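# Structural overview for review
As a plain string of letters, each chain reads:
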Amino acid sequence: MASETRSGLWRPIALGLAAVMAAAGVAAVGQAASHGAARPAGATGCPGDNGGITLSPGFCASVFADDLGHVRHMAFGPGGVLYVNTWSGQYYGNGPVPAGGFLIALKDANGDGKADQVTRFGQTQAQGDKGGTGVAVYKGYVYAEANDRIVRYRIGAGGVPGGEPETVLSGMPLTGDHPMHPFVIDPRGRIFVDMGTATNACQARNRQPGVPGQTPCTEKQTRGGTWLYDANKLGQVFSAGQRYASGIRNGEGFAFDGAGRLFVTQQGRDQLIQDWPKLYPDVKHATELPAEEVMRVVRGADYGWPECYYDQFQKRLVLAPEYGGDGGKTVGVCARRMGPVAAFPGHWAPNDMTFYKAAAFPAPYRGGVFIAFHGSWNRAPEPQQGYDVVYQPMSNGRPAGRYVVFANGFAGAHKDPGGAAHRPSGLVVGPHGALYIADDVKGRIWKVTWHGGAGVSAIAPAASTGSAAPSPPARAPEYSLPVPPGSSQAQVEAGERLFNARTCTGCHGQGAKGTPLGPDLTAGKWIWSDGSLAGIRATIDKGVATPKTYRSPMPPKGGAQLSESELNEVAAYVWAVGHQGK
């Protein structure tokens with residue numbers, strides 16, 4: 001076990017406490033808002049800045065822990081210990097990872113609202129581990145996704161797991177677009193685990209324009225659905241025969257409601273506009289398609305991928321263009337697929353959800369579901385969105401009114417994968433009713449508590465932080481990018497504007513600094529050409545069908561439908577950022 005110790009198994013760490021002022025006019029109550037000291041009667045608002053986020057009126061946040069690595073999902077165990085799984089590898093640009101195991105146990109021992117005891121455990125990067133997303137607690141064990149396995153560690157003294165991992169399930173698929181395996185365990189010990197798809201829409205050439213989907217989609221035998229296993233058995237091996245439900249492209253977040261019904265989020269498919277522009281001429285409308293979904297998971301059900309996607313404006317599943325769809329008019333086989341129970345704007349990327357079953361929040365916030373949206377990359381030329389947490393009221397397994405954005409401001413000034421300060425990735429409700437929100441950029445965890453008054457009759461949204469497209473990085477007036485031979489400064493400047501306004505920034509980030517989806521072009525390292533203007537132009541023009549170092553391919557012209565002059569301008573800009581300072 002790799003741990004951080006100073007006295008015993010735990011090492012206190014200093015973390016900043018933060019919170020925001022609640023909405024004016026909401027009176028506080030003289031009761032404890034969280035584990036720890038009660039707030040004085042008549043007190044209003046909260047100290048601090050809420051850890052940089054904005055919440056619905058009456059709620060406050062503090063930073064429970066920080067700088068933990070790429071935190072994904074979380075689970076509470078006995079004694080108020082919070083277990084989190086963190087991830088590494090290609091998805092995060094292969095950057096450095098914290099020393100020790102990828103699993104972490106955290107505890108607020110003195111009740112001040114922040115983790116003062118933090119221990120890393122489990123196998124390390126040096127042992128070949130890369131961490132993962134899923135984590136759960138069941139019968140005295142912490143269960144966690146690690147590479148292609150689900151393993152478990154027995155919880156020891158003080159809540160810290162130790163010893164070597166026991167393998168519960170192995171052989172899960174790791175290739176392609178969605179190598180993560182979130183899971184949940186029910187009281188009977190049934191493990192429901194997601195096997196995300198390897199492709200966007202089951203095309204023979206993934207994410208390439210005009211390429212039809214494969215029929216049959218053989219990938220669907222082992223990907224794109226929920227699989228069922230037993231938490232009480234060791235040595236299980238992944239197989240197609242254990243599939244529980246299918247047609248789910250990327251089910252990142254599982255949760256049970258108060259009646260024990262299982263739900264899962266789905267991240268909808270990408271690139272309708274980029275791959276099929278003639279079918280989606282209304283770009284502004286089509287950036288919202290398809291919907292992000294919450295589905296009730298039923299044994300044997302098929303939820304539509306890859307043949308179908310959910311159009312939230314028509315409130316129905318429609319045929320995907322890879323399978324003969326015509327831009328949303330035809331339903332076809334989708335009439336026999338199961339639709340979602342709730343739908344949200346396209347490309348927000350739901351990463352986790354949790355039903356609120358505690359009593360610490362006011363009545364309108366009980367029984368519904370909180371959903372963490374990781375944030376979009378595929379909404380260009382419209383501004384990217386998501387990067388927030390919403391609350392969806394629910395009743396008897398169905399929506400009970402419109403959702404509200406419960407928490408936002410995570411991304412900061414740049415709502416894009418490369419520039420976002422934080423991206424919500426995990427949610428869990430603590431033993432005293434607080435909501436914990438995890439971030440997988442810097443590894444921050446917020447603790448959200450209620451500090452408002454009694455008599456709240458309805459949910460209310462957080463104040464908006466805006467969704468305007470971020471500006472490109474500012475440069476000093478005297479500084480200019482180099483100009484490639486045969487081009488002009490005007491072309492470089494035009495290329496910069498196009499790069500930041502089209503789909504390029506979705507993968508390469510503002511200023512071409514790179515994201516988990518695409519390389520840093522300012523590094524000047526060229527894999528697909530010699531770095532000449534002609535070579536860069538040819539790479540953009542043809543696309544990258546089989547990436548060498550990243551998960552997903554790049555369609556021709558980056559999926560941006562560039563004209564010849566625009567292609568020249570973007571190539572000039574990419575050459576310029578790759579040669580600056582040389």
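Let us look at the structure shown here.

Reading the values: rules and limits
Residues numbered from 1 in each chain as written. Predicted model: local features only at pLDDT ≥ 70, side-chain atom pairs only at ≥ 80, totals over all residues. Heavy atoms only, no water. Core = buried A, V, L, I, M, F, W, Y, C linked by side-chain atoms within 4.5 Å. Buried < 20%, exposed > 50% of the residue type's maximum accessible area, 1.4 Å probe, protein only. Helix = DSSP H or I, 4+ residues; strand = E, 2+ residues; numbered from the N terminus. Contact = heavy atoms within 4.5 Å. Pairing = 2+ DSSP bridges. Disulfide = S-S within 2.5 Å. Expected span 1.5 Å × (residues − 1).

### Let's talk about the nonpolar core
Formed by 22 residues in total, the largest nonpolar core has its most connected members in Phe370, Val389, Phe406, Leu435 and Ile437. For this core, the secondary structure elements donating two or more residues are strand S2 (59-65), strand S23 (369-373), strand S24 (388-392), strand S27 (404-408), strand S28 (424-429), strand S29 (435-439) and strand S30 (445-450). If we skip the residues at most four places from it in the chain, Leu435 touches Thr354, Phe361, Phe370, Phe406, Leu427, Val428, Val429, Trp446, Lys447 and Val448. The next biggest cluster of nonpolar side chains, apart from the first, holds 20 residues, and it includes Val492, Leu498, Ala512 and Val574.

### Details of the sheet that holds strand S7 (residues 135-138)
Across the sheet, which stays open at both edges, the five strands sit in the order S7-S8-S9-S10-S14 with mixed pairing between neighbours. The open sheet has two edge strands with one neighbour each: S7 and strand S14 (236-237). Bridging between strand S10 (residues 161-170) and S14 involves two bridges; their strand directions are parallel. By the bridge assignment, Ser170 is partnered in S14 with Val237.

### A look at the sheet that holds strand S1 (residues 54-55)
Spatially, S1-S27-S24-S23-S22 is the arrangement adopted by the five strands of the open sheet, whose pairing is antiparallel. Two strands in the sheet have a free side with no partner beyond their single neighbour: S1 and strand S22 (350-355). As defined by bridge partners, S22 adjoins S23 across five bridges and the pair is classed as antiparallel. If you follow Pro350 over to S23, its bridge partner there is Phe373.

### With respect to the state of the cysteines
By definition, a disulfide links the sulfur atoms of two cysteine residues through a covalent bond. Following the criterion strictly, the structure yields two disulfides and no others. Here Cys202 pairs with Cys217 through a disulfide, and the sulfurs are 2.0 Å apart. Judged by the torsion about the S-S bond (105°), the Cys202/Cys217 disulfide is right-handed. Taken together, the positions of Cys202 in the loop between strand S12 (190-195) and strand S13 (225-230) and Cys217 in the loop between S12 and S13 put the pair 15 residues apart, joining distant regions of the chain. Judged by relative accessible area, which is 1%, Cys202 ranks as buried. Between Cys504, a cysteine without a disulfide, and Cys507, which holds the nearest cysteine sulfur, the sulfur-to-sulfur distance is 9.0 Å. Classification of Cys504 as buried rests on a relative accessible area of 12%.

### Here we look at helix H3 (residues 489-501)
For H3, with 13 residues, the first-to-last C-alpha span of 18 Å sits near the 18 Å given by 1.5 Å per residue. In the core, the buried residues of H3 are packed alongside helix H4 (504-508) and helix H6 (564-579).

### A look at the pairing of strand S6 (residues 117-121)
Here S6 lies mainly inside the structure; five of its five residues are buried. Going residue by residue along S6, you find Gln117, Thr119 and Phe121 tucked away on one face and Val118 and Arg120 tucked away on the opposite face as well. For strand S5 (residues 103-107) and S6, the ladder comprises five bridges, and the chain directions are antiparallel. Across the sheet, residue Lys107 finds its bridge partner in S6, namely Gln117.

### What about unusual backbone geometry?
Among all residues except glycine, the phi angle is most often negative; among peptide bonds, the trans geometry is most common. A cis amide bond links Thr215 with the next residue in sequence, Pro216, at an omega value of -5°. Looking at where Pro216 falls in the secondary structure, it is placed in the loop between S12 and S13. Pro306 follows Trp305 through a cis peptide bond whose omega is 0°. Within the element layout of this structure, Pro306 appears in the loop between strand S18 (292-296) and strand S19 (308-311). Located in the positive-phi region is Lys315, a residue other than glycine, with phi close to 60°. Its location among the elements puts Lys315 in the loop between S19 and strand S20 (316-319). Classification of Lys315 as exposed rests on a relative accessible area of 62%.

### Some thoughts on H6
Over its 16 residues, H6 runs 23 Å from end to end, which matches the ideal 22 Å to within 8%, given 1.5 Å per residue. Directly after H6, the chain includes Gly581, whose backbone phi takes a positive value near 80°.

### Focus on the side chain of Thr287
You can see Thr287 is positioned in the loop between helix H2 (283-286) and S18. Using a relative accessible area of 2% as the deciding quantity, one classes Thr287 as buried. Setting aside residues no more than four positions away along its own chain, Thr287 makes contact with Ile273, Gly346, His347, Arg379, Ala380 and Glu382.

None of this, on its own, says anything about what the molecule does.
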